[in-house]
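Summary of structural features
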Amino acid sequence: MGNIDTSKYPLGKIYAFDFDGTLTRRDTLIEFIRFAVGTKGFLLCFLRFSPLLVLMKMGLYPNWKAKQKVFSHCFKGMKEEKFNALCARFADQKTGLLRPKGMKKLADVLAEGGKAVIISASVNNWVEPFFKGMGGVFVLGTMVGVRDGVLTGRFATKNCYGEEKVKRLLQLYPERTEYWLTAYGDSRGDFELLDFANESHYKPFR
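What comes next concerns the included structure. (Residues numbered from 1 in each chain as written. Predicted model: local features only at pLDDT ≥ 70, side-chain atom pairs only at ≥ 80, totals over all residues. Heavy atoms only, no water.)

Comments concerning the pairing of strand E3 (residues 137–142)
Within a regular beta strand, the side chains point alternately toward one face of the sheet and then the other, so they alternate between its two faces. To be explicit about the condition: Exposure classes here rest on a 1.4 Å probe applied to the protein chains alone. A residue is buried below 20% of its type maximum, exposed above 50%, and partly exposed in between. Helix numbers and strand numbers start at the N terminus; a helix is a DSSP run of H or I with at least 4 residues, a strand a run of E with at least 2. Note on pairing: two strands pair once DSSP finds at least 2 bridges between them.
The buried fraction of E3 amounts to five of the six residues, a majority that puts the element mostly inside the structure. In the sheet, strand E2 (residues 115–123) pairs with E3 via five bridges, with the strands oriented parallel. Opposite Val117, over in E3, you have Phe138 as the bridge partner.

Some points on the layout of surface pockets
Convention followed: With a 1 Å grid laid over protein atoms only, a set of points is called a cavity when a 1.4 Å probe fits there but cannot get out and a pocket when it is open yet has protein on both sides within 12 Å along at least five of seven lines; lining residues have an atom within 4 Å of a point. Grid points are joined across faces, edges and corners, and a volume is the space filled by probe spheres set on the points. Asp, Glu, Lys and Arg are counted as charged, while Ala, Val, Leu, Ile, Met, Phe, Trp, Tyr, Cys and Pro are counted as nonpolar; the rest, among them Gly, fall into the polar class.
Roughly 740 Å³ of volume is contained in the largest pocket. Around the largest pocket sit 30 residues that line it, and Asp27, Met56, Lys57, Asn63 and Tyr161 are the ones nearest its centre. Elements that contribute at least two residues to the lining of the largest pocket include exactly helix H1 (28–57), helix H2 (63–75) and E2. By residue class, the composition of the lining of the largest pocket is nine nonpolar, eight polar and 13 charged.

Concerning the sheet that holds strand E1 (residues 13–17)
We count it as follows: To obtain each axis, a line is fitted to C-alpha atoms, and for helices this fit is confined to the stretch in contact; angles are then taken between N-to-C directions over 0 to 180 degrees. Contacts were defined at the residue level, with two residues in contact if any of their heavy atoms lie within 4.5 Å.
Pairing is parallel in the open sheet, where five strands are placed in the order E3-E2-E1-E6-E7. Edge positions in the sheet fall to E3 and strand E7 (199–202), since each has one partner strand and no second. With strand direction ignored, the average angle separating the axes of adjacent strands in the sheet is 15°. The sheet strands contacting helix H4 (residues 100–111) are E1, E2, E3 and strand E6 (180–185), and the helix crosses E2 at an angle near 140°.

A closer look at a nonpolar patch on the surface
Short version of the rule: Each patch groups residues whose relative accessible area exceeds 30% and which form no salt bridge, using 9 Å between like charges and 5 Å between nonpolar side chains of Val, Leu, Ile, Met, Phe, Trp and Tyr. In these tables, accessible area is a Shrake-Rupley quantity obtained with a 1.4 Å probe, and a residue counts as shielded only by the protein chains included in the view. Salt bridges are defined as contacts in which a side-chain nitrogen from Lys or Arg sits within 4 Å of a carboxyl oxygen from Asp or Glu.
There is a patch of nonpolar side chains on the surface, built from Val54, Leu55, Met58 and Leu60 and spanning about 390 Å² of accessible area. With respect to the secondary-structure elements, Met58 resides in the loop between H1 and H2.

A few points about H1
How we decide: To estimate how far a helix should extend, the number of its residues minus one is multiplied by 1.5 Å. Pairing of N or O atoms within 3.5 Å defines a polar contact, subject to two protein rules: one partner must be a possible hydrogen donor and the other a possible acceptor, and residues neighboring in sequence count only if both atoms are side-chain atoms.
For H1, spanning 30 residues, the distance from its first C-alpha to its last is only 17 Å, which falls clearly below the expected 44 Å at 1.5 Å a residue. Among the residues of H1, Thr28, Leu29, Glu31, Phe32, Ile33, Phe42, Cys45, Phe46, Phe49, Leu52, Leu53 and Met56 are the ones counted as buried. Structurally, H1 contributes buried residues whose contacts are with H2, helix H3 (80–93), E2 and helix H5 (124–127). Two to three positions downstream of the cap, the backbone nitrogen of Leu29 sits 2.8 Å from a side-chain oxygen, assigning the N-cap of H1 to Asp27. Positioned one or two residues after H1, Gly59 has a phi angle of 80°, which is positive.

Topic: the packing of aromatic side chains
Describing an aromatic ring pair means giving the distance of the ring centres and the angle of the ring planes. What counts here: Here the aromatic set is Phe, Tyr and Trp, taking the six-membered ring for Trp, and pairing holds for ring centres within 6.5 Å; pairs whose planes are under 30 degrees apart are stacked, those over 60 apart are edge-to-face, and all others are tilted. The rule for a charge over a ring is simple: NZ of Lys or CZ of Arg within 6 Å of the ring centre, and within 35 degrees of the ring normal.
What the rule picks out here adds up to 19 aromatic pairs. Plain terms: the ring middles of Phe32 and Phe90 are 5.3 Å apart, the flat faces sit at 80° to each other, and that makes the pair edge-to-face. With Phe32 in helix H1 and Phe90 in helix H3, this pair connects stretches of sequence that are 58 residues apart. Exposure remark for Phe32: the relative accessible area of 0% places this residue in the buried category. Ring geometry for Phe71 versus Phe75: centroids 5.1 Å apart, planes at 45°, classification tilted. Taken together, the residues Phe71 and Phe75, both in helix H2 and four residues apart, mark about one turn of the helix. One exposure class covers both Phe71 and Phe75, and it is buried. An aromatic cluster is defined as three or more aromatic residues linked by ring pairs; in this entry it consists of Phe19, Phe32, Phe35, Phe71, Phe75, Phe83, Phe90, Trp126, Phe130, Phe131 and Phe155. The ring of Phe42 carries the charged tip of Arg34 above its face, separated from the ring centre by 4.2 Å.

What follows is the structure, encoded as structure tokens:
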């Protein structure tokens with residue numbers, strides 16, 4: 001679809017990429033928790049919440065609620081400055097999580113003058129550093145709650161999953177008829193975004 005007449009679209013082409021599983025090889029929430037609290041802390045955390053996680057996988061417990069409970073257990077009360085430093089180190093040390101084909105596509109989009117949006121259920125603080133130095137990339141992720149410079153353990157936005165991905169994109173680019181949207185995703189949480197796009201790609205970078 002490279003020969004689209006962009007004159008019909010004042011904003012041109014916009015490319016929306018899911019992050020976990022699409023641009024990465026694995027879920028980064030799990031990887032980040034392991035990185036931040038160590039293997040022992042990670043195992044204790046997931047042992048504690050395993051009943052909820054099983055119910056979540058069975059569709060009997062909300063995804064966002066299980067995710068917030070795990071996040072709160074690990075990070076509530078941490079200073080925002082320390083959390084951001086952890087996120088930056090995580091991105092610097094875990095570039096191997098990125099899929100080369102996906103990152104090449106992203107680089108090609110930027111080189112061609114396209115607009116790239118990363119739309120992820122993962123937390124902005126650790127997603128954004130993976131794209132440091134790549135001008136033109138905008139990240140829409142789940143935002144963490146902070147009070148007086150300390151993480152509250154709650155999310156400041158809805159979990160950026162499913163229909164919420166479409167809502168967040170429309171907040172950034174509300175005039176849908178003014179751009180051609182290409183979306184990339186790999187899981188149930190991306191279906192609404194893929195359906196919303198003019199052109200969609202499911203599990204494209206495997």
